Amino acid sequence: MNTEIFKLLPNESNNPSIKKAAEILCGGGLVAFPTETVYGLGGDATNPSAAKNIYKAKGRPSDNPLIIHIADPADAELYAYTSETYYKLAAAFMPGPLTVILPKKDTVPIEVTGGLDTVAVRCPSHPIARALIRKAGVAIAAPSANLSGSPSPTSGEHVIRDLNGRIEVIIDGGECDIGLESTIIKLDGERATLLRPGAITADALSCICKKVDIAPAVTESLKENERPLSPGMKYRHYAPKAPLILLDGDEEEVLSYMYRRQNAERCVIICYDEELEYLRNERIISIGARDDLNMQAHSLFSALRLADELDGEVVYAHLPSKEGVGLALYNRLIRAAAHTVLEV
Ligand code: TXA
Ligand code: MG
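Residues numbered from 1 in each chain as written. Chains lettered and ligands numbered in written order. Predicted model: local features only at pLDDT ≥ 70, side-chain atom pairs only at ≥ 80, totals over all residues. Heavy atoms only, no water.

Explain the pairing of strand S10 (residues 191–196) to me, using residue names and the numbers behind them.
Alignment of strand S9 (residues 183–188) against S10, held across five bridges, turns out to be antiparallel. Bridge assignment links Leu 187 to a residue of S10, and that residue is Ala 192. Hairpin geometry of S9 and S10 is characterised by an intervening segment of two residues between the two adjacent antiparallel strands and by a positive phi of about 60° at Gly 189. Both S10 and strand S11 (residues 211–214) contribute to a ladder of four bridges, which runs parallel. Within S11, the residue paired with Arg 191 across the bridge is Lys 211. (Pairing = 2+ DSSP bridges. Helix = DSSP H or I, 4+ residues; strand = E, 2+ residues; numbered from the N terminus.)

Residues and numbers for the state of the cysteines, please.
Evaluated as defined, the whole model comprises zero disulfides. Free cysteine Cys 209: the closest other cysteine sulfur is in Cys 207, separated by 9.7 Å. Considering cysteine sulfurs only, Cys 267 is the nearest to Cys 271, which forms no disulfide, with 11 Å between them. (Disulfide = S-S within 2.5 Å.)

Help me get a handle on the nonpolar core, residues and values and all.
Counting 73 residues, the largest nonpolar core has Ile 68, Leu 132 and Ile 171 as its most contacted members. Sorting elements by how many residues they give to this core places helix H5 (residues 127–136) first, with six residues. Ile 68 has contacts with Ala 45, Tyr 79, Val 108, Val 112, Val 119, Ala 120, Val 121, Arg 122, Ala 139, Ile 140 and Ala 141, leaving out every residue within four places of it along the chain. Counting 28 residues, the second largest nonpolar core, distinct from the first, contains Tyr 238, Tyr 272, Val 315 and Val 325. (Core = buried A, V, L, I, M, F, W, Y, C linked by side-chain atoms within 4.5 Å. Buried < 20%, exposed > 50% of the residue type's maximum accessible area, 1.4 Å probe, protein only. Contact = heavy atoms within 4.5 Å.)

I'd like a description of the pattern of salt bridges, backed by residues and values.
Per the counting criterion, the structure on display carries 17 salt bridges. For Arg 161, the salt bridge goes to Glu 309, with nearest N and O atoms at 2.8 Å. In this pair, Arg 161 sits in helix H6 (residues 156–163) while Glu 309 sits in helix H9 (residues 293–309), placing the two residues 148 residues apart along the sequence. Given a relative accessible area of 46%, Arg 161 falls into the partly exposed group. Among the salt bridges present, the one from Arg 266 reaches Glu 313, with a minimum N-O distance of 3.8 Å. With Arg 266 in the loop between helix H8 (251–261) and strand S13 (267–271) and Glu 313 in the loop between H9 and strand S15 (314–318), this pair connects stretches of sequence that are 47 residues apart. Here Arg 266 falls in the partly exposed class, since its relative accessible area comes to 35%. Beyond isolated ion pairs, a larger network of salt bridges with shared partners links Asp 72, Arg 130 and Arg 134. (Salt bridge = Lys/Arg side-chain N within 4 Å of Asp/Glu carboxyl O.)

Hey, could you go over the sheet that holds S13 for me, with residue numbers and the actual values?
Taken in spatial order, the five strands make up an open sheet running S14-S13-S15-S12-S16, and their pairing is parallel. A single partner strand is all that each edge strand has here, and the edge strands are strand S14 (284–286) and strand S16 (341–343). Between one strand axis and the next, the sheet turns by 25° as a mean value, whatever way the strands run. Against the sheet, H8 contacts strand S12 (244–248), S13, S15 and S16, and its axis sits at roughly 160° relative to S15. (Axes fitted to C-alpha atoms, helices over the stretch in contact; angles between N-to-C directions.)

Tell me about the packing of aromatic side chains, residues and numbers included.
How two aromatic rings sit relative to each other is given by the distance of their centres and the angle of their planes. The full count for this structure, using the stated rule, is two aromatic pairs. Here the aromatic rings of Tyr 257 and Tyr 316 are separated by 5.6 Å at their centres, their planes lie at 85°, and the arrangement is edge-to-face. Of the two residues, Tyr 257 sits in helix H8 while Tyr 316 sits in strand S15, which places them 59 residues apart along the sequence. Overall, Tyr 257 belongs to the buried group, its relative accessible area being 14%. Sitting above the plane of the Tyr 81 ring, Lys 105 keeps its charged end 5.0 Å from the centroid. (Phe/Tyr/Trp six-rings, centres within 6.5 Å; stacked < 30°, edge-to-face > 60°. Lys NZ or Arg CZ within 6 Å of the ring centre and 35° of its normal.)

Describe the side chain of Ser 150, listing the residues and the values that go with them.
Examined against the element boundaries, Ser 150 turns out to sit in the loop between strand S7 (140–142) and H6. When its relative accessible area of 18% is taken as the criterion, Ser 150 is described as buried. Apart from the residues lying within four places of it in its own chain, the contact partners of Ser 150 are Asp 162, Tyr 238 and Arg 305.

In structure tokens form, the structure reads like this:
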């Protein structure tokens, strides 16, 4: 398939190529588009065959449900049974990086929800994403626009590398601001369960919800035969080609371990800006300053892609703290490392 690539600046939401992409979507085609979190691989959320094609293009199991993207929080009414808490959350965090699981209406085919009677709803803030949804006039079902098994794409380049030739259109809108996927919660009245941590933290959610429980699978591995609250939790997530080992310990100990290992084998080290002056080989990648969790979130997936390209024998990274946005970094890294943590 010949993939059309439209290169746009984030503020070019009136560009005619968005209308063209929307028409292709409405005709059952697939369009990758930027959001503030990561790129999405979109199809018409009411069209079962578009959903099937999304799974095919990604190489993803079809029981792992898709998030539907809407242009305004109130559009959720068309696809799901909302609640007072949903609207309180919407007033506080939407448009933005929050996904809410709600009971689904019949407008959403089960091909989109992987057979579940609930649907994940998200209203992204990226101007191109919102313009595309508005022009399409329908919700857009979209998983992250990576091939199954590689890290979520945070730039147009990542998407082109993974999906060129597999879908109709790629809208390249440059780098995503946040860089980690949205926070996902499930509501039970005024209580929320956090299924996937993201830029909207558990503390921020506690300002609106009476109680916020963190699903055990966010930090732990699933036990044998355990049924996950979110089907995505059970799949083995992106793992670098070389084993990834997370280092736990105080700052100096971890840096000194990295320093000692850097030349011992062909190892890739994912570190902080402050450590760069001590680490000298060609396989050192910094993801930002030690205390700048937002920058680390922004850079993490690029760093993991780069780690693969550098073709090391082993990859080391810091075990992040579980505080604030740290929990989202922890969740992505612990899964990429298959829970391998070394105390130093
Ligand atoms: O930031 C994001 O959320 C990005 C952008 C493109 O919006 N999308 C994204 O989609 O990360 P995806 O498909 O890679 O991850 C969606 C996760 C999966 O783990 C899936 O299992 C879960 O959401 N999910 C979707 N529908 C669900 C439902 N009804 N119940 C429980 N979990 C659900
Ligand atoms: Mg994904």
